[in-house]
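Residue-level listing of the chains:
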Amino acid sequence: MTDFGAIDALLAGARKEVVLPPVEERRALREELNVSRAQLAQALGVSPSTVGGWESGRDPSGEVREKYAYFLEGAGSKLAAEATRAAEEPEDELEADVEQTAEQDDDVDVLATPQSCVLCGQPARHQVAGFPQHLDPAECHAAAPARTNEPAAPEEPASRTDCSRAQPPGLQEQAGRSVRVVPVGRRMQTADTPDLIGSAVAAALAEHSGDVEEATKALVKRAIPDAMALLDHTRKGGRYDIVAHPWLPDVLRKQTSRGADQIWEARPKWARPELPPGVHEVTALDINGAYLSALKTHLPLGQLEHSTGNHHNPRRAGVHLITPPAWDHDACLPNPIGSRDEPGPLWVTEPTLRLLLRISGPKYGLCDPPEIHESWTSGATEGLLEKFRVALKDARDRAIAEDDEVTLEYVKTMYSKFVSTLGESNYNRELYRSDWMHLIRSQAFANLWWKAHRAYDQGLMVVRAMGTDELHVIGDWRAVFPEGRGVTEVKLKDVYTVDTEPGPADERDD
């Protein structure tokens with residue numbers, strides 16, 4: 001017999017799930033209020049990566065869905081009220097407010113002639129810390145909807161006053177999500193970054209009753225979302241905003257699902273072809289924190305734009321199609337272009353190009369300048385990840401000083417996985433910047449090349465250079481490199497002997 005009472009109870013408790021805004025609106029609502037993922041995650045009792053998933057296509061359920069919907073509805077109402085108040089203000093007062101903000105801030109200048117916005121490419125009348133940007137986010141077309149697998153609908157050929165921009169021929173795809181532009185002086189000012197790394201380590205050790213091995217495993221598993229949460233905190237109040245999910249040119253797209261794109265990172269795999277006769281003691285040195293140091297490199301802020309011609313703009317960064325110069329020093333130094341057998345043009349990154357341009361200049365004169373054929377670049381800065389890098393470096397230094405292997409392994413995993421998942425990774429959907437991934441890796445290779453050149457310049461014999469962190473030399477290396485575990489120091493990895501004396505079978509009678 002049917003239990004009608006149970007059915008009545010089921011119907012009484014059942015309710016339709018609250019409707020959430022479309023995915024592309026969720027992130028925009030949060031960012032318009034200058035609320036970080038970490039702040040929202042803390043209020044909802046979830047992780048920042050979970051919020052990122054909701055903004056990328058996944059939906060919450062249960063009670064947390066209602067809380068999230070309540071936040072989004074409140075955010076929409078607040079922004080609508082602010083828009084209404086702004087619409088009631090006289091237009092000339094709004095214009096005067098923008099001009100006054102620009103004049104009062106040392107980092108914001110009014111341009112005599114409009115220049116291309118670093119994020120969307122359309123004319124902007126102001127520049128922030130030297131980069132042309134729109135002060136009013138409503139004017140900047142970089143804040144496009146979240147990208148999907150469907151191409152964007154073609155725009156009507158209306159006026160360009162809304163900062164919309166036609167893509168180059170054949171590039172009519174969606175520009176992708178962006179972090180909106182906020183002028184310096186209007187950004188939310190926050191206190192110093194809390195010790196997220198120390199707190200995470202303490203919590204993991206407590207959860208696993210002090211078991212170092214289990215705590216380390218748990219921290220390594222959450223290294224990617226934790227790194228992104230740390231990045232969110234270190235980016236608060238930053239000078240520059242970035243396009244986080246830009247449209248990518250074909251050279252940065254994988255040729256097959258398991259293949260690679262067309263970018264050459266200049267990874268060295270070099271060994272000295274010959275050593276002088278004799279018995280040599282070779283020292284293998286380990287370069288500390290190679291990827292951590294490489295976070296300080298020129299990274300493009302906005303969507304990459306195409307250009308042609310043999311010209312390099314040092315205020316921009318990206319990837320470049322070049323014909324590399326001939327290298328005549330392979331007997332004593334690795335080729336800065338890396339281990340490449342086939343000749344001809346290839347796509348290289350900004351660090352590789354800057355390395356070639358520098359060593360081809362009058363100070364070094366080691367080769368001819370490379371020939372640049374075309375480029376995909378955007379306005380760039382070397383300090384974009386500096387606070388993030390310093391936070392990781394400081395935690396690493398403290399861990400070494402305190403012999404804290406848990407924190408050391410956790411930090412190492414954070415920055416290495418941060419770099420490796422910047423492409424279109426299933427493990428990191430908050431940043432899709434495969435151009436950044438290539439640039440950071442190449443900067444690590446370029447840093448190793450400069451270590452090899454320094455050794456050579458100081459009289460050491462360079463024997464081998466491999467990957468990002470392996471350098472083999474002959475000679476008094478301690479007179480050239482400081483020894484230690486810091487990021488500016490090197491570690492002794494191995495010492496071995498190479499005997500190049502001719503044996504009896506090699507001797508010939510006269």
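Since we're looking at a predicted model, the values are computed, not measured.

Take the sheet that holds strand β6 (residues 279-287) next. The strands that make up a sheet are held in pairs by hydrogen bonds between backbone atoms, and each pair lies either parallel or antiparallel. Spatially, the 5 strands line up as an open sheet ordered β5-β12-β13-β6-β14, and their pairing is antiparallel. The open sheet is flanked by β5 (269-271) and β14 (490-499), the only strands paired with a single partner. On average, each strand axis in the sheet is tilted by 20° relative to the strand beside it, whichever way the strands run. Note that β6 and β14 share 9 bridges and pair antiparallel. By the bridge assignment for β14, Val282 is matched with Tyr496.

It is worth spelling out the side chain of Ser36 at this point. Position of Ser36 among the secondary structure elements: in the loop between α2 (23-32) and α3 (37-44). The exposure class assigned to Ser36 is buried, which follows from its relative accessible area of 11%. Excluding residues within four positions of it along the chain, Ser36 makes contact with Arg30 and Lys236.

Considering the arrangement of structural elements, one finds Val390 in helix α12 (residues 386-401). Each C-alpha atom, one on Val390 and one on Leu292, is 9.0 Å from the other, the two residues being 98 residues apart in sequence.

Counted at 1.5 Å a residue, the expected span for helix α14 (residues 434-457) with its 24 residues is 34 Å, and the 34 Å between its end C-alpha atoms agrees. With 17 of 24 residues buried, α14 lies mostly within the body of the structure. One or two positions beyond α14, positive phi appears at Gly459, with a value near 95°.

Take the packing of helix α9 (residues 223-235) against α12 next. At their nearest, the axes of α9 and α12 sit 8 Å apart, and the two run at 120° to each other. Accordingly, the angle class assigned to the pair α9 and α12 is oblique. Viewed along their axes, α9 and α12 form a crossing whose handedness is right-handed. Every residue of α12 that contacts α9 at Ala227, Leu230, Leu231 and Thr234 is listed here: Lys387, Phe388, Ala391 and Leu392. Along the lines of polarity and charge, the residues of the contact of α9 with α12 split into 6 nonpolar, 1 polar and 1 charged.

The share of residues in the protein with pLDDT of 70 or more is 78%, and the mean pLDDT across the chain is 80. Note on residues 89-106: pLDDT is under 50 here. Beyond four places in sequence and across chains, it has 17 contacts. Throughout residues 143-191 the model reports pLDDT below 50, and contacts reaching past four residues in sequence, or to other chains, amount to 112 contacts.

Our next topic: the pairing of strand β13 (residues 470-474). For β13, the tally of buried residues reaches 4 of 5 residues, placing the bulk of the element in the interior. Here β6 pairs with β13 via 4 bridges, running antiparallel. Residue pairing across strands places Leu285 opposite Leu471, the latter belonging to β13. Where strand β12 (residues 461-466) folds back onto β13 in an antiparallel hairpin, the turn is made up of 3 residues, including Gly467, whose phi is positive at roughly 60°.

With that settled, consider the packing of aromatic side chains. For the structure shown, the criterion picks out 6 aromatic pairs. Considering the side-chain rings of Trp247 and Trp376, the 5.7 Å spacing of their centres and the 50° angle between planes classify their relative orientation as tilted. Taken together, the residues span a long stretch of sequence, with Trp247 in the loop between α9 and β4 (263-264) and Trp376 in strand β11 (residues 371-381) at a distance of 129 residues. Just as Trp247 is buried, Trp376 falls in that class too. Look at Trp449 and Trp450: their rings are 5.1 Å apart centre to centre, the planes differ by 85°, and that puts the pair in the edge-to-face class. Assessed through its relative accessible area of 4%, Trp449 is described here as buried. A network of ring pairs unites the aromatic residues Trp327, Tyr364, Trp449 and Trp450 as a single cluster. Here the basic side chain of Arg358 rests over the ring of Trp450, its NZ or CZ set 4.4 Å away from the ring centre.

Reading the values: the criteria
Residues numbered from 1 in each chain as written. Predicted model: local features only at pLDDT ≥ 70, side-chain atom pairs only at ≥ 80, totals over all residues. Heavy atoms only, no water. Pairing = 2+ DSSP bridges. Helix = DSSP H or I, 4+ residues; strand = E, 2+ residues; numbered from the N terminus. Axes fitted to C-alpha atoms, helices over the stretch in contact; angles between N-to-C directions. Buried < 20%, exposed > 50% of the residue type's maximum accessible area, 1.4 Å probe, protein only. Contact = heavy atoms within 4.5 Å. Expected span 1.5 Å × (residues − 1). Parallel < 35°, antiparallel > 145°, perpendicular 65-115°, else oblique. Left-handed = near helix turned anticlockwise from the far one by under 90°. Nonpolar A, V, L, I, M, F, W, Y, C, P; charged D, E, K, R; others polar. pLDDT = per-residue confidence, 0-100. Phe/Tyr/Trp six-rings, centres within 6.5 Å; stacked < 30°, edge-to-face > 60°. Lys NZ or Arg CZ within 6 Å of the ring centre and 35° of its normal.

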